[in-house]
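Remarks on the overall topology
Spelled out, the chains give:
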Amino acid sequence: MSDSAPSSPFDRLWLCEAVRLREEQAGALEDAEANRRAIAAGGELPRRIESRALWLAARDQLDSALRLWKQGAQLAFYLLVVLALLSGGGLALAALGDGQRPVNVFWALASLLGLDLLMLLGWACGFALGGGEAAGALGRLWLWLSGKLARDAQAAQLAPALLVLLGRQRLTRWVLGMLVHGLWLLALGAALVVLLALLSTRRYGFVWETTILGGDTFVFLTHGLGTLPALLGFPLPDSELVRASGDALVASEAARHAWAGWLVGILLVYGLLPRLVLWLVCLWRWRSGRAALRLDLSLPGYSLLRERLLPSSERLGVNDAAPANLVEPQAQNPAASAEGALLVAIELDDSQAWPPKLPAGVADAGVLDDGAQRRRLLEQLTRYPPARLAIACDPRRSPDRGTLALIAELSRCAGATRVWLLQPPAGAALDGDRLADWHAAIDKLGLRHSGASLLGWLESGHD
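Residues numbered from 1 in each chain as written. Predicted model: local features only at pLDDT ≥ 70, side-chain atom pairs only at ≥ 80, totals over all residues. Heavy atoms only, no water.

You'll find the protein chain entered in an unreviewed UniProt entry as Putative membrane protein, with Pseudomonas knackmussii given as the organism.

1. Considering the environment of Glu23
Residue placement: Glu23 occurs in helix H1 (residues 9-26). Sequence separation of Glu23 and Gly301 is 278 residues, and the distance between their C-alpha atoms is 7.7 Å. Ignoring any residue separated from it by four or fewer positions in sequence, one finds Glu23 in contact with Ala28, Leu29 and Arg52. Among the polar contacts made by the side chain of Glu23, one reaches the main-chain amide nitrogen of Leu29 at a distance of 3.2 Å. (Helix = DSSP H or I, 4+ residues; strand = E, 2+ residues; numbered from the N terminus. Contact = heavy atoms within 4.5 Å. Polar contact = N/O pair within 3.5 Å; in protein donor to acceptor, adjacent residues only side chain to side chain.)

2. What about the side chain of Arg52?
Mapped onto the elements, Arg52 comes out in helix H3 (residues 45-59). When residues no more than four places from it in sequence are discounted, the contact partners of Arg52 are Val19, Glu23, Asp31, Ala34, Asn35, Ala38, Leu305, Arg308 and Leu309.

3. Some details on the UniProt feature "transmembrane region" (unreviewed entry) in the protein chain
If you check UniProt for "transmembrane region" (unreviewed entry), the listed places come out as residues 75-96, 105-129, 174-199 and 259-284 in our numbering. The span residues 174-199 carries 100% helix and 0% strand; its end-to-end C-alpha distance comes to 36 Å. (UniProt positions renumbered as here; feature names shortened; annotations may be inferred.)

4. Some words on the confidence of the model for the protein chain
Close reading of the predicted structure is inappropriate where its pLDDT is low. When pLDDT is averaged across the protein chain, the result is 81; 87% of the residues are at 70 or more. No element of the protein chain has a lower mean pLDDT than helix H14 (residues 312-315), at 49, and none a higher one than helix H8 (residues 172-201), at 92. Every residue in residues 315-333 is under pLDDT 50, and counting partners more than four places away or in other chains gives 14 contacts. (pLDDT = per-residue confidence, 0-100.)

5. A look at the packing of helix H2 (residues 32-41) against helix H16 (residues 371-383)
Closest axis-to-axis distance for the H2/H16 pair is 9 Å, and the angle between their directions is 40°. As far as their axial angle goes, H16 and H2 are oblique. By crossing handedness, the relation of H2 to H16 is classed as right-handed. Across the interface between the two elements, Arg36, Arg37, Ile39 and Ala40 from H2 touch Arg375, Leu378, Glu379, Thr382 and Arg383 from H16. Split by residue class, the contact of H2 with H16 holds three nonpolar, one polar and five charged. (Axes fitted to C-alpha atoms, helices over the stretch in contact; angles between N-to-C directions. Parallel < 35°, antiparallel > 145°, perpendicular 65-115°, else oblique. Left-handed = near helix turned anticlockwise from the far one by under 90°. Nonpolar A, V, L, I, M, F, W, Y, C, P; charged D, E, K, R; others polar.)

6. Details of the pairing of strand E5 (residues 388-393)
Across the six residues that make up E5, a large majority, five, are buried. Alignment of strand E3 (residues 341-346) against E5, held across six bridges, turns out to be parallel. Within E5, the residue paired with Ala341 across the bridge is Arg388. Looking at chain direction, E5 and strand E6 (residues 416-421) are connected through six bridges and run parallel. Each bridged residue has a counterpart across the sheet, and for Ile391 the counterpart in E6 is Val419. At this point the chain moves from E5, through helix H17 (residues 401-411), to the parallel E6, and the crossover so formed is right-handed. (Buried < 20%, exposed > 50% of the residue type's maximum accessible area, 1.4 Å probe, protein only. Pairing = 2+ DSSP bridges. Right-handed = clockwise from strand over helix to strand, strands pointing away.)

7. Side note on helix H7 (residues 158-168)
Those residues of H7 lying buried are Leu158, Ala161, Leu162, Leu165 and Leu166. For H7, the angular spread of buried residues about the axis comes to 130°, placing them on one side. Buried-residue contacts for H7 involve H1, helix H4 (62-96), H8 and helix H11 (253-291). Count one or two residues on from H7 and you reach Arg170, which has phi positive near 55°. (Arc of directions from axis to C-beta.)

8. Quick notes on the pattern of salt bridges
Within the structure shown, the criterion is met by 15 salt bridges. Close ionic contact of Arg20 with Glu17 constitutes a salt bridge, the shortest N to O distance being 2.8 Å. With a gap of three residues between them, Arg20 and Glu17 both fall in helix H1, about one helical turn apart. For Glu17, a relative accessible area of 0% puts it in the buried group. The residue Arg396 makes a salt bridge to Asp394 at a minimum N-O spacing of 2.9 Å. Among the residues examined, Arg396 registers a relative accessible area of 22% and is labelled partly exposed. When its relative accessible area of 3% is taken as the criterion, Asp394 is described as buried. (Salt bridge = Lys/Arg side-chain N within 4 Å of Asp/Glu carboxyl O.)

9. Considerations on the environment of Cys282
Structurally, Cys282 is set in helix H11. On the basis of relative accessible area, Cys282 is assigned to the buried category, the value being 1%. Beyond its immediate chain neighbours, meaning those up to four positions away, Cys282 contacts Trp174, Gly177, Met178 and His181.

10. Brief notes about the sheet that holds E6
Spatially, E4-E3-E5-E6-E7 is the arrangement adopted by the five strands of the open sheet, whose pairing is parallel. Lying at the two open borders of the sheet, with one neighbouring strand each, are strand E4 (362-368) and strand E7 (448-450). Each strand of the sheet is rotated relative to its neighbour by a mean of 20°, with strand direction disregarded.

11. Comments concerning the nonpolar core
When a protein is soluble and globular, its nonpolar side chains tend to lie buried together. Counting 87 residues, the largest nonpolar core has Trp14, Trp142, Phe206 and Trp286 as the members making the most contacts within it. In terms of residue count, the dominant contributor to this core is H8 (14 residues). Other than its neighbours up to four places away in sequence, Trp142 contacts Trp69, Ala73, Ala76, Phe77, Leu80, Leu176 and Leu179. Judged by nonpolar contacts, the second largest core, of 22 residues, contains Val344, Leu404, Leu421 and Ile442. (Core = buried A, V, L, I, M, F, W, Y, C linked by side-chain atoms within 4.5 Å.)

Below you can see the structure in the form of C-alpha cells.
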C-alpha cells in the first residue's frame, strides 16, 4: 500500500468519489479492515468515509493511479500550451506576411481575432444555453489526452469521478473555462509578441480594399474599433489617412505607425483583455467553489456506510458517567504508538501443545479458528497495536490465500511482525516442498519468518 495519503483535501474527496463509483459499478469491495481502521480513527461520518476510501485506494493502488493521472494531465496541458504558442505565432505571421506586399488591415485583423471571437461566441452560447457545463473542444481534448497519457487501468474511474465531484458545486464550467481562456490568452499573447517583433524588424505598408463598400464605411469601422484602444493611448488613424489608404499605399512613416499601433491596440483590447478578465473570473469561482466542496452523504453509496462506520451504539449518546481514567482508542501509526508483545496462532490442531510457557510481558491471543475470533482480535489490535507480534502457523498445512491475507492484515496492526513456522510434533513428517511454499509466500508478504522459537524476540525485541 502507499505510504502517504494525498495531502490535498480536493484529492482526498476525488479518491472518495472514485471508490464510490467503483463500488457502484463493480459491487462492494472487501472493506473489513478499512472499516475497522476508519472507526478507530474516529470523527464524524464524513471523516470516517474519507478514512475508509483512502485506505481502500492505497490498498488497490488507486492513489498511485491518481498521481499518474495528474502527471498525464500536466503533460497534456504542456502539449496544449506548446500548441497554443505555436498557433499564436502562426496567426501573427499569417496576418502580416513577409513584408513584400502591403498588408490589408482588415484581413490582418480577421486573421488575428476572427477564430478567437468565433470560439468566444461559441463558449458564451454553450455557457448560456447549456447551463455552462459544456466542456468545449479544448476541454474535451485535455480530458482525453489526460486519460491516454495516464496509461493506468485503475485511472478509468478517475475522470468520471472528477466530473462528478466538480459537478456537485457546478465547478466544471469554471475549471474548463480556466483552461480554455488560459490557452487562448497564451495564443493571443504569443501573437502579440510575434506581431511586435515583425513590426519592429520589417517595414510594412497598410491598405484596405473594397469593390462594393464606400470609403465612409471603412472610416466608420476604423474609428468604431479604435475608440477603446485610443483611450489607452494607442493611435487612431484620422479620416483622411483612412481614405488615403484605400486609394493607394501611403508611404509616410506616420501612416505606418498609426496603422501598426491601431492593429496592436485592437489585438490587446478585443483579444487579450477579454480572455484575461474571463480567466480571472473562472479562477475566482473555482477557488471559492473548491473550498465549499463536501461529500454528498445523501448518495446511496455513502448512506449505506453509515451503519458500518457509525454504529448505532456510537450514536445513542452517553448512558453512564465516564470513568475517572478513560482510555482513548489509538489511531496513530502502529510503529509510533505500539507497545507490548503478543503471540497468536492460526488454525492449530490438537497435536500441537499450545500455548508454550510465555515470558513475562508477552500476552497470549490464543488460536484463531473462526471469523468471529479474527474480527475481535483485529478490532483490538487496530485500537491497541503491539510493538512485537509473533504469528504461529503449522507448516504442515498449505499456505492458502485466506491464511496469508490474515497474516498480512495482522502485520499491519503491529510495530514489528514475525511468522513462527512451528516444528511438527514428534513422529510427524514435514513436507519440504510445502515448507518452501510457506517461505516463498511469507517472503512475498515482506515478513521475516523462522522455524525456531520467537519467544526470546517477543520478550526482548532482539534475536
